[in-house]
Amino acid sequence: MASGEQVDVIVIGAGMAGASAAAELSRDTRVLLLEMEGQPGYHTTGRSAAMYEPGYGPPGIRALTRAAGTFFHDPPEGFAEAPLVTPRGVLMIARADQSDTLDAMITEASAEGTVERLDADAARKLVPVLRDGYAVGAMLSKSGQDIDVHGLLQGYLRAFRARGGKLVTKAPVTGLTRTADAWTVETAAGTFNAPVVVNAAGAWADRIGALAGAETIGLTPRRRTALTIAAPEGVDVDGWPMTCDVDEAFYMKPDAGRLLISPANEDPEEPQDVQPDELDIAICIDRIETAFDLKVRRIESRWAGLRSFVADGEPVVGYSDVAPGFFWLAGQGGYGIQTAPALSRLAAALVLGRGVPDDIAAQGLVPEKLAPGRL
Ligand SMILES: Cc1cc2nc3c(=O)[nH]c(=O)nc-3n(C[C@H](O)[C@H](O)[C@H](O)COP(=O)(O)OP(=O)(O)OC[C@H]3O[C@@H](n4cnc5c(N)ncnc54)[C@H](O)[C@@H]3O)c2cc1C
């Protein structure tokens, strides 16, 4: 796309949030998607645990996750070559000192009707390496799914291009200036103009807001580390559920024949290409070896990503109260993949001044509770 060209909407950031919103917006408008890296999805989107769990997160996130379910199970014709989701139970395990937390979790989750209480023996039937005597009880959720994150992101980018959308990579946005009725967006790949800018810059969203003279939303990027290790010799782990500590102190999940493990850390960081910390790795291995009859002999891969949160843990979706035509789509925390099919439709509707889509409103979503003004 030639420098100086005008479109209707410029979306900053080609992670899951920006790519999916750009695809939805390109149904009705001319959209330019700007990405600072050489490829979409390089930052948090490419580093997730790829889970869909409608019982996870604060109320707005849960409403969006439920509303996203239909898309995941039945995507539009031609969107993806393989199913976007496959079932993966989620087992929340509790030690004796965590029984109250487990009880409260079961009471809350039972309202949604898809969970079961298990005793330690039943939990060990599902995850045979669960250490004898470690857990006293568990909750099994049957609504969890593994998400094909690559398939989802590529599906959105394909749909975006097919609708005439343009993606420019290696285009870090360095300046945002408002004239009477449009933004001028300066990047290393040229200058572009549009009346509306969507800020989907992930961990960098407050920095982009500052360039535009918008309000700050108090976004905190938090580092989470993950590793993959070999499955125990001769054991097929593919059917195991994702197994999590009830206080979210660790999790373990089958991943293409191996095990993905994480200390579920949430360490505050500056926006950056974050790397795993040696201490996170040591803590992770210690917690996993304590809860499970497993010995971590070799780490096959390791990475870290930034989950970015505002104070109430809900995403920030809506026009700025101070910068005209500047739209926030940030703060997806640890839920930006599972919510994307609903969050992108909500964002596109609000950008275009339409109401909340009926199916999303039916899940109880209140847009004011996600608006930047609440912060
Ligand atoms: C270990 C881990 C496990 C997770 N597990 C799950 C899970 O199981 N399920 C789930 O739903 N979510 C999960 N998440 C969270 C999920 O990955 C995020 O919520 C989601 O990827 C956020 O997407 P995003 O597009 O907002 O951010 P990003 O993917 O980071 O995209 C933002 C983009 O903006 C670009 N950008 C930034 N600044 C500029 C600029 N100045 N100019 C141009 N471009 C710019 C960046 O390069 C980046 O590509 C997990 C995250 C981590 C780290």
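Attention now goes to the domain arrangement of the protein. The assigned domain composition of the protein is domain 1 (9–70 + 148–219 + 312–374) and domain 2 (90–142 + 220–309). Of the residues lining the interface, 26 residues belong to domain 1; the matching set on domain 2 comes to 24 residues. Buried area between domain 1 and domain 2, summed over both chains or domains, comes out near 1900 Å², and the portion from carbon and sulfur atoms is 50%. Linking domain 1 with domain 2 are three salt bridges, by the criterion used here.

Per the counting criterion, the structure on display carries ten aromatic pairs. Considering the side-chain rings of Tyr-52 and Phe-72, the 5.3 Å spacing of their centres and the 70 degrees angle between planes classify their relative orientation as edge-to-face. Within this pair, whereas Tyr-52 is found in strand 3 (residues 51–52), its partner Phe-72 is found in helix 2 (residues 59–73), the two being separated by 20 residues in sequence. Taken individually, Tyr-52 and Phe-72 each receive the classification buried, so the pair is uniform in this respect. Ring geometry for Phe-309 versus Tyr-335: centroids 6.4 Å apart, planes at 85 degrees, classification edge-to-face. Highlighted residues: Phe-309 in strand 19 (residues 299–309) and Tyr-335 in the loop between strand 21 (326–330) and helix 8 (340–351), separated in sequence by 26 residues. You'll find Phe-309 and Tyr-335 in the same group, each marked buried. Chaining the aromatic ring pairs together yields one cluster made of Tyr-56, Phe-309 and Tyr-335. Taking NZ or CZ as reference, Arg-47 lies 5.2 Å from the ring centre of Tyr-42, over its face.

Before going further, it helps to spend a moment on the sheet that holds strand 3. Taken in spatial order, the three strands line up as 3-8-4 in an open sheet, and their pairing is antiparallel. Edge positions in the sheet fall to strand 3 and strand 4 (85–87), since each of these pairs with one other strand and no more. Bridge count for strand 4 against strand 8 (residues 145–147) is three bridges, and the pairing is antiparallel. Paired with Thr-86 across the strands is Asp-146, a residue of strand 8.

Quick notes on the rules
Residues numbered from 1 in each chain as written. Predicted model: local features only at pLDDT ≥ 70, side-chain atom pairs only at ≥ 80, totals over all residues. Heavy atoms only, no water. Domains from an automatic or database assignment. Contact = heavy atoms within 4.5 Å. Buried area = accessible area lost by both parts, 1.4 Å probe. Salt bridge = Lys/Arg side-chain N within 4 Å of Asp/Glu carboxyl O. Phe/Tyr/Trp six-rings, centres within 6.5 Å; stacked < 30°, edge-to-face > 60°. Helix = DSSP H or I, 4+ residues; strand = E, 2+ residues; numbered from the N terminus. Buried < 20%, exposed > 50% of the residue type's maximum accessible area, 1.4 Å probe, protein only. Lys NZ or Arg CZ within 6 Å of the ring centre and 35° of its normal. Pairing = 2+ DSSP bridges.

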